Amino acid sequence: MGSRGANVLLTRASRIKSKLQTVLEAKILEVEDVSYQHAGHAAVKDNASETHFNVKVVSGKFDGQTLVKRHRMVYDALADELESGLHALSIVAKTPKEAGLS
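The rules behind these values
Residues numbered from 1 in each chain as written. Predicted model: local features only at pLDDT ≥ 70, side-chain atom pairs only at ≥ 80, totals over all residues. Heavy atoms only, no water. Helix = DSSP H or I, 4+ residues; strand = E, 2+ residues; numbered from the N terminus. Contact = heavy atoms within 4.5 Å. Buried < 20%, exposed > 50% of the residue type's maximum accessible area, 1.4 Å probe, protein only. Pairing = 2+ DSSP bridges. Axes fitted to C-alpha atoms, helices over the stretch in contact; angles between N-to-C directions. Salt bridge = Lys/Arg side-chain N within 4 Å of Asp/Glu carboxyl O.

**Q** What's the story with the overall build of the protein in this structure? I'm lost.
**A** A tally of regular secondary structure across the protein gives four helices and three strands. Of all intrachain contacts in the protein linking residues separated by at least 6 positions in sequence, the fraction that spans at least 24 positions is 68%.

**Q** Would you mind going over the environment of His71 with me for this structure?
**A** Residue placement: His71 occurs in helix 3 (residues 67–77). Note: C-alpha distance between His71 and Ser90 (19 residues apart in sequence) is 9.6 Å. With residues near it in sequence (within four places) discarded, His71 still touches Ile91 and Ala93.

**Q** Can you help me understand unusual backbone geometry in this one?
**A** Trans is the prevailing form of peptide bonds, just as negative phi is the prevailing case for residues other than glycine. For Glu25, which is not a glycine, the phi torsion comes out positive at approximately 50°. Structurally, Glu25 can be placed in the loop between helix 2 (12–24) and strand 1 (28–33).

**Q** Even after reading the chapter, I still don't get the pairing of strand 3 (residues 88–94), so can you show me in this structure?
**A** Every regular strand shows the same layout, with side chains that alternate between the two sheet faces. Side chains Leu89, Ile91 and Ala93 of strand 3 all project onto a buried face; the interleaved residues Ala88, Ser90, Val92 and Lys94 project onto a face where none is buried. Here strand 2 (residues 52–58) runs beside strand 3; their pairing, made up of seven bridges, is parallel. Counted as the bridge partner of Asn54 is Ser90 from strand 3.

**Q** Got a minute to help me understand the sheet that holds strand 3 in this structure?
**A** In a beta sheet, neighbouring strands are held together by backbone hydrogen bonds and run either parallel or antiparallel to one another. Read from one edge to the other, the open sheet built from three strands follows the order 1-2-3, with strand pairing classed as mixed. Edge positions in the open sheet fall to strand 1 and strand 3, since each of these has one partner strand only. Sheet twist, expressed as the mean angle between neighbouring strand axes with direction ignored, is 10°. Relative to strand 2, helix 2 is tilted by about 25°, and along the sheet it contacts strand 1 and strand 2.

**Q** Looking at this structure, how should I read the pattern of salt bridges?
**A** Should their charged atoms come close, side chains of opposite charge can pair. Summed over the entire model, instances satisfying the criterion amount to six salt bridges. Taking the shortest distance from any N to any O, the salt bridge between Asp80 and Lys19 comes out at 2.7 Å. Residue Asp80 is located in helix 4 (residues 79–82), and its partner Lys19 is located in helix 2; the two are separated by 61 residues in the primary sequence. Residue Asp80 is classed as partly exposed on the basis of its relative accessible area of 41%. Here Lys19 falls in the buried class, since its relative accessible area comes to 17%.

Rendered as structure tokens:
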């Protein structure tokens, strides 16, 4: 089975974490599925799960980047997830210095 088939078996949270770690080389990476808080909302169709996430990323790749650019970097890394059911992200994107890391 190729890597694409293996991705189907992973949870969306696992895929998000893997993609962000690979692209952003995160020092800290937290991914929280908060989809249960949105069950029954109009945008959540057919009782879909794994649609809403909180993401906290601390990465040296954010150095010198505006907050908007940092968020774009996260969205770009997760483009295929956003096209396949990921509905909403709450993003905290900090540099190591901003997070108090050396």
